[in-house]
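Analysis of the macromolecular model
Here's the letter readout for the chains.
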Amino acid sequence: MLTLSLFFQVATASTFVYHELEQPLRLHGGVDNQLFATDSIGGPDLLEDDVALTTKDTVSPPSRSTPPGLPKQPAPEFAFPVWDSDGNLCLLGKFSATFAITYTSQGGDQTISVKLPEQPTTKGRCGTSEQDPVLELSWPGFRFSMIFTKNQPTEKNGIPSWSVISLELLYNTAGPLFPGSTNGGKKTARSADNTTLFETPFGKSYFCPSPEVIPLYDSKRNKVTIVRLHDVQLQPYDVKNGVFSAVQRCSQVKIGGMVEPFPQDETVPIAVGSTLAVMAILTVLGYAIYRSVMVRRVDYTTME
């Protein structure tokens, strides 16, 4: 009787384990519920977090907007693309980035440098009348996102513009890249409130070889990350023919810690200056020839 009872207990337990293993992947709730899946037995993904990755509670999460199998418009080489539901490019980004992350260890505060890989996993969301565009790049242990918005025309020029309103980095200090961390766990670093970066006229792309560094802060307003972007080109709206539109260059860059003016295209000033110089030379030369001819015609006998 005891043996029969044990048999039924083992059979019941086996059925329960089989049922758990057969459960499909399920998505966790919160703002990122479309981005990180977990299974019913294991814990959440390394970066799964309940903290919203947007500055607006009403903004839904980025998602794979193009159905599988639908042809996608080709993207520029080395770009981070986002497609709409028809397979057309709606957002383009291209840049390299380095993150200087400060964390607490047994020996005090430590800082590590993390580079954005050349081919991260790219996700995002197209901009609509109700939602701001989002570009999200993820790689093992990290997730970096940019949130854009459209700005209303100003009285000065009457032209609408777009800008970046938030940069966010999600990481986990319990990973091997943070040796000796005394406060290991999921962390979120965000740019300051009311951030406005890379403002650009609507219909153009932003380009800058070396923008100024951007600080990111934790929930206690402590500066925990410094973002350094290089060779930045962005266009979150009005992408046409799958390529970046004409660029709006940054006015200055920081080189070796010193702010230097950005080398603008000097073709027009040089052409105008050269034309004026030639005209001035021709004027002087013409006057000299005129004087020479007139002097030869003077009858010096009348001066006696």
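Residues numbered from 1 in each chain as written. Predicted model: local features only at pLDDT ≥ 70, side-chain atom pairs only at ≥ 80, totals over all residues. Heavy atoms only, no water.

Notes on a nonpolar patch on the surface
Operational definition: Candidates for patches are residues over 30% relative accessible area with no salt bridge; among them, like charges are joined within 9 Å and nonpolar side chains (Val, Leu, Ile, Met, Phe, Trp, Tyr) within 5 Å. Note on areas: Shrake-Rupley with a 1.4 Å probe; residue coverage comes only from the protein chains shown. When a carboxyl oxygen of Asp or Glu lies within 4 Å of a side-chain nitrogen of Lys or Arg, that pair is called a salt bridge. Helix and strand definitions here come from DSSP, where helices need a minimum of 4 consecutive H or I residues and strands a minimum of 2 consecutive E residues; each element is numbered from the N-terminal end.
A cluster of nonpolar side chains, Val272, Leu276 and Met279, forms an exposed patch at the surface whose accessible area comes to about 290 Å². Note on placement: Val272 falls in helix H2 (residues 267-296).

Focus: unusual backbone geometry
What counts is decided by this rule: Each residue's exposure class comes from its accessible area (1.4 Å probe, protein chains only) as a fraction of the maximum for that residue type: buried when under 20%, exposed when over 50%, partly exposed otherwise.
A positive phi angle is found at Asp231, which is not glycine, with a value near 50 degrees. With respect to the helices and strands, the residue Asp231 is situated in strand S14 (residues 223-235). The class of Asp231 is partly exposed, set by a relative accessible area of 48%.

Observations concerning the pairing of strand S9 (residues 161-172)
As a reminder, the rule being used: Think of it this way: DSSP has to see at least two bridges between two strands before they count as a pair.
In terms of burial, S9 is largely enclosed, as 12 of its 12 residues are buried. Strand direction decides the pairing type here: strand S8 (residues 142-151) and S9, joined by 10 bridges, are antiparallel. Residue pairing for S9: Phe142 is matched across the bridge by Tyr171. When S9 meets strand S11 (residues 197-201), the two strands line up antiparallel, connected through 3 bridges.

Description of the state of the cysteines
Note the following rule: The term disulfide is used for any two cysteine sulfur atoms that are within 2.5 Å.
Inspection of every chain in the model, using the stated rule, returns 2 disulfides. In this model Cys90 forms its disulfide with Cys126; the gap between the sulfur atoms is 1.9 Å. Classification of the bridge connecting Cys90 and Cys126 rests on its S-S torsion, roughly -75 degrees, and on that basis the disulfide is left-handed. Taken as a pair, Cys90 in strand S4 (residues 89-105) and Cys126 in the loop between strand S6 (121-125) and strand S7 (134-139) lie far apart in primary sequence, 36 residues in all. Across the pair, exposure class does not vary: Cys90 and Cys126 are buried alike. The disulfide that involves Cys208 links it to Cys250, with 2.0 Å between the sulfurs. Between Cys208 and Cys250, the disulfide has an S-S torsion of 75 degrees and is therefore right-handed. In this pair, Cys208 sits in strand S12 (residues 205-208) while Cys250 sits in the loop between strand S15 (247-249) and strand S16 (252-255), placing the two residues 42 residues apart along the sequence. For Cys250, a relative accessible area of 7% corresponds to the buried category.

Comments concerning the environment of Asp193
So the rule is basically this: Any N or O atom pair separated by 3.5 Å or less is treated as a polar contact, with the protein-specific requirement of one donor-capable and one acceptor-capable atom, and with residues adjacent in sequence counted only for side-chain atom pairs.
With respect to the helices and strands, the residue Asp193 is situated in the loop between strand S10 (186-190) and S11. The exposure class assigned to Asp193 is exposed, which follows from its relative accessible area of 52%. Asp193 sits 24 residues away from Tyr217 along the chain, and the two C-alpha atoms are 10.0 Å apart. Side chain to side chain, Asp193 and Arg221 meet in a polar contact 3.1 Å long.

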